[in-house]
Amino acid sequence: MANLWDAEVNVTVEDATRMIEEQFAELTPVSIEEMGEGFDNKVFLVNDKYVFRFPRREKAVSLLEMELALLPELVEVLPISIPNPLFRGEATDTSLWPFAGYTFLRGRTTHLLNESQRKASAPLLSRFLKELHQFPVERARRLGVPEDELGRLSMAKRIPTLEENVERLIAQGLWSDRTPYINLIRSVQNLGDVIGDTLVHGDLHIRNLLVNDEGIVSGIIDWGDAHIGNRAIDLSVVYSLLTPPGRKEFFNDYGAVDEKTHLLARFKAIYTSTYLLLHAFDQKNEVEMKAATETIRVAFM
């Protein structure tokens, strides 16, 4: 069975070099290195100054187009650095789809943090999400930001997937105790399909959070899942990154939310982190496996 993260097109270093040099003469000669790949895009560092992203799947194309419209509107108003799109590349026979180049944000994405580092990020994340969630929704729609078309908080859709993924974790020896998962599912199973009317990043997890040398959040990347939805989707980062003392500090600044939102945020954090652990296992990436396992443990706290 194919995985959701499998590529439809694989752009090589040679392919990327040729396309960038053909379309952006000011970057020639191109110095390039592969940085990695997410579920939707393959990523290259160019001239040690720019990050170029090439879609790996057709689904990613519309997400890329939306980023190119939205991010310039957010760069100046958000208190944590985000990528600024500077180059729009056109499709070729090799890439099939458009690609884009952004400012390079320095930092690391795979991180095992101590308690003080986690708590130190709480005020930054609070200000960031407060500002993002106050962005005018109609303005976001005019920029092409879609509604939540994937049912990210549809319990009828997400609970069976989580249950299946938990069994996969246990079968592979990646997790041993079903009990916290069972309790989590019981807490949200009657919440139905949850929608919202807020601009959200849509995919806040350890692979999309950059931290600096001190372990403090310094950048938020990969905005392809931005949409109009429920803020609990973003507030999941409060559970995946922060322990209870940091969560208290976060909500003291962000503002109180109701119990349903807390339940949904925890569910989303654990749902996504479980998926990330399976992905890391499939890719045989032991560092990311350890980070994802730690994220699940923190989210259950």
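Cut-offs and rules
Residues numbered from 1 in each chain as written. Predicted model: local features only at pLDDT ≥ 70, side-chain atom pairs only at ≥ 80, totals over all residues. Heavy atoms only, no water. Axes fitted to C-alpha atoms, helices over the stretch in contact; angles between N-to-C directions. Helix = DSSP H or I, 4+ residues; strand = E, 2+ residues; numbered from the N terminus. Parallel < 35°, antiparallel > 145°, perpendicular 65-115°, else oblique. Contact = heavy atoms within 4.5 Å. Nonpolar A, V, L, I, M, F, W, Y, C, P; charged D, E, K, R; others polar. pLDDT = per-residue confidence, 0-100. Pairing = 2+ DSSP bridges.

Enquirer: What am I meant to see in the packing of helix α8 (residues 232-241) against helix α11 (residues 286-299) here?
Expert: Two numbers describe a pair of packed helices, the interaxial angle and the distance between the axes. It is at 6 Å that the axes of α8 and α11 come closest, and there the two elements cross at 100 degrees. By the angle between their directions, the pair α8 and α11 is classed as roughly perpendicular. On α11, the residues that touch Tyr239, Ser240 and Leu241 of α8 are Thr295, Val298 and Ala299. Grouping the amino acids of the contact of α8 with α11 by side-chain chemistry returns four nonpolar, two polar and no charged.

Enquirer: Is there a simple way to explain the confidence of the model for the protein chain in this structure?
Expert: Parts of the model with low pLDDT should not have their predicted coordinates read in detail. Taken residue by residue, the protein chain gives an average pLDDT of 92. The fraction at 70 or more is 96%. Confidence scores differ between elements of the protein chain, with strand β1 (residues 32-37) showing the lowest mean pLDDT of 88 and strand β6 (residues 198-200) the highest of 98.

Enquirer: It is not clear to me how the sheet that holds β1 should be interpreted in this structure. Could you clarify?
Expert: Within a sheet, neighbouring strands are paired by backbone hydrogen bonds and run either parallel or antiparallel to one another. Ordered in space as β1-β2-β3-β5-β4, the five strands form an open sheet in which the pairing is antiparallel. Looking along the sheet, the strands with just one partner apiece sit at the ends: β1 and β4 (85-89). Each strand axis lies, on average, 25 degrees off the axis of its neighbour in the sheet, ignoring direction. When strand β2 (residues 41-46) meets strand β3 (residues 50-55), the two strands line up antiparallel, connected through six bridges. For Val46, the partnering residue across the bridge sits in β3 and is Tyr50. Docked against the sheet, helix α1 (residues 13-23) engages β1, β2, β3, β4 and β5 (99-103), running at close to 120 degrees with respect to β1. With respect to the sheet, helix α2 (residues 59-74) is in contact with β2, β3, β4 and β5, its orientation differing from that of β5 by roughly 35 degrees.

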